[in-house]
Amino acid sequence: MAELEFDYLIVGAGFAGSVLAERLASDSNKSVLLIDRRPHIGGNAYDYFNHDGILIHQYGPHIFHTNSQRILDYLSRFTEWRAYEHRVLADVDGQLLPIPINLTTLNKLYGLNMDAEQAEKFLAARAEPVADIKTSEDVVINQIGTELYEKFFRGYTKKQWGLDPSELDKSVTSRVPTRTNDDDRYFQDEFQQMPLHGYTAMFKKMVDHPNIKTLLNVDYRVVKNTIKYGHLIFTGPIDEYFDYCFGKLPYRSLEFRHVTVDKPQFQSVAVVNYPDEQIKHTRITEYKYLTGQVHDKTALTYEVPQAEGDPYYPIPRPQNAALYKEYQALAEATPEVTFVGRLATYKYYNMDQVVGQALATYQRLVTVEADSALVMATALKET
Ligand code: FAD
Ligand code: UDP
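How each quantity is defined
- Residues numbered from 1 in each chain as written.
- Chains lettered and ligands numbered in written order.
- Predicted model: local features only at pLDDT ≥ 70, side-chain atom pairs only at ≥ 80, totals over all residues.
- Heavy atoms only, no water.
- Near = heavy atom within 4 Å.
- Polar contact = N/O pair within 3.5 Å; in protein donor to acceptor, adjacent residues only side chain to side chain.
- Areas by Shrake-Rupley, 256 points an atom, 1.4 Å probe, with all protein chains shown as cover.
- Helix = DSSP H or I, 4+ residues; strand = E, 2+ residues; numbered from the N terminus.
- Nonpolar A, V, L, I, M, F, W, Y, C, P; charged D, E, K, R; others polar.
- Pairing = 2+ DSSP bridges.
- Phe/Tyr/Trp six-rings, centres within 6.5 Å; stacked < 30°, edge-to-face > 60°.
- Buried < 20%, exposed > 50% of the residue type's maximum accessible area, 1.4 Å probe, protein only.
- Lys NZ or Arg CZ within 6 Å of the ring centre and 35° of its normal.

### Examining the site of ligand 2
What surrounds ligand 2 is a group of 16 residues, the closest being T157, R175, Y186, Y313 and Y348. F153 is positioned such that a nitrogen or oxygen atom in its backbone is 3.2 Å from an oxygen atom of ligand 2. With respect to ligand 2, the side chain of R283 contributes an N or O atom lying 3.1 Å from an oxygen atom. Here ligand 2, which alone exposes 520 Å², has 94% of that area covered by the protein. Contributions of two or more residues to the shell around ligand 2 are made by α5 (136–161) and α6 (170–173). Of the residues forming the shell around ligand 2, the biggest block, six residues, is contributed by α5.

### Topic: the site of ligand 1
Contacts to ligand 1 come from 34 residues, most closely from D36, H62, I63, Y349 and M351. D36 has a polar side-chain atom sitting 2.7 Å from an oxygen atom of ligand 1. The contact in question runs from a nitrogen atom of ligand 1 to an N or O atom on the side chain of E240, over 3.3 Å. In isolation ligand 1 exposes 1,000 Å². Once the protein is present, 96% of that is buried. Of all the secondary-structure elements, those providing two or more residues to the shell around ligand 1 are α1 (15–28), β12 (251–261) and α12 (351–382). Each residue belonging to the shell around ligand 1 can be placed in one class, and the counts come to 17 nonpolar, nine polar and eight charged.

### Structural notes on the sheet that holds strand β7 (residues 88–92)
Here seven strands make up an open sheet; going across it, the order is β8-β7-β13-β14-β15-β12-β16 and the pairing mixed. The outermost strands of the open sheet, each flanked by one partner alone, are β8 (95–99) and β16 (313–314). Pairing between β7 and β8: five bridges, direction antiparallel. Residue V88 lies in a different strand from β8, and its bridge partner there is I99.

### Description of the packing of aromatic side chains
Per the stated rule, a full pass over the model turns up 24 aromatic pairs. Aromatic side chains F15 and F203 sit 4.7 Å apart centroid to centroid with 65° between the ring planes, which places their arrangement in the edge-to-face category. With F15 in helix α1 and F203 in helix α7 (residues 199–207), this pair connects stretches of sequence that are 188 residues apart. Of the two residues, F15 and F203, both sit in the buried class. Members of the aromatic cluster, each reached through a chain of ring pairs, are Y220, F234, Y241, F242, F246, Y327 and F339. When the ring centre of Y59 is taken as reference, the NZ or CZ atom of R38 above it lies at 4.1 Å. Its guanidinium or amino end placed over the ring of Y110, R126 lies 5.0 Å from that ring's centre, counting from NZ or CZ.

In structure tokens:
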């Protein structure tokens, strides 16, 4: 039998692919070929220094947050961290107000001076109970009523997804809670921090191993018949892998407009959201808040949602879940390939969830291999 060139071929050098490459190479001593069709590692978390020397995220703001000590410990092997708690303001009725909606938001918006208890009653009086909460509209209206929904959620969601919130699963707007205290942090996770030298530096360390060969600007579709490998791990879009045999899975795309402004500071927080449907962008990010970089200029990204382009967001709604299920069944009938990551499992996952999924996938691969080695040894003994 011809010797395999690589034990594993991994398609995609984002979190899913890089974590698996690292685990297989350094924990199981496997040889790995890691390919990506982009000219860089890191997937959507890729960051780089722009022409002005400011560290920016090519694919929009990536803020790390998790409740998992295990995931944090794993990533801490490849990076140090800087403490960072994310804060976001929304441009509503001519004011910049904290989002998630909190006590300050309500007091400023309505010119009141409520305490937490009063704010709770205030929201309870506005909430419009929905018996069976299914959609992204239901979940918000049930909690805070139509007026606040219209001001903070409807326009933003319509722009971001190209759909009315009533057409999206409740899981989408459920990501953004409502609070009656004055906690103005975007996330409440136990661990909130940014890689000290950026994501790309962290990825470089992760895949820097003699057992890992990384090739960039290489599309799996072009090279698939030219590489010898034992097992394939695929982290790209699952529908693309199966040549769209059941039809295209919808993904939402974005245009990222990167600009540098010739002053040290542009806005008062890292991200300002624009729920107004008349404004094309959904949010503006100012990176220096995330990175702590000191610079005379400042770099921003405007995010403008679009239907066509790179697939960034799986779109959570019932008909898409049903279509994904067809691909998932096909994937299960294709044991020579492992599908993992946001695009390959069609899940609206944050970075830490993808790392968790990749670590669990690694454990499964190791167990399957140990089981088949045992079967082989038993069979040999019996002959
Ligand atoms: P990806 O990062 O998409 O990597 C997949 C890789 O596969 C890509 O690099 C792609 O080029 C490659 N590929 C695909 N097909 C092929 C092929 N045929 N041949 C070769 N290569 C191929 N998460 C957070 O936790 N916090 C945030 O603040 C946050 N902000 C986000 C903001 C935006 C705008 C977006 C889009 C996502 C954000 N996320 C955030 C989510 C985060 O980006 C993902 O959870 C994570 O990057 C997914 O990793 P992945 O490896 O599954 O996929
Ligand atoms: N959302 C909104 N208004 C906001 C912020 C969020 O309507 O000011 C909704 C919108 O549908 C968005 C979803 O909540 O897509 C999830 O927001 P999140 O900030 O988690 O989105 P992501 O960072 O993943 O793009």
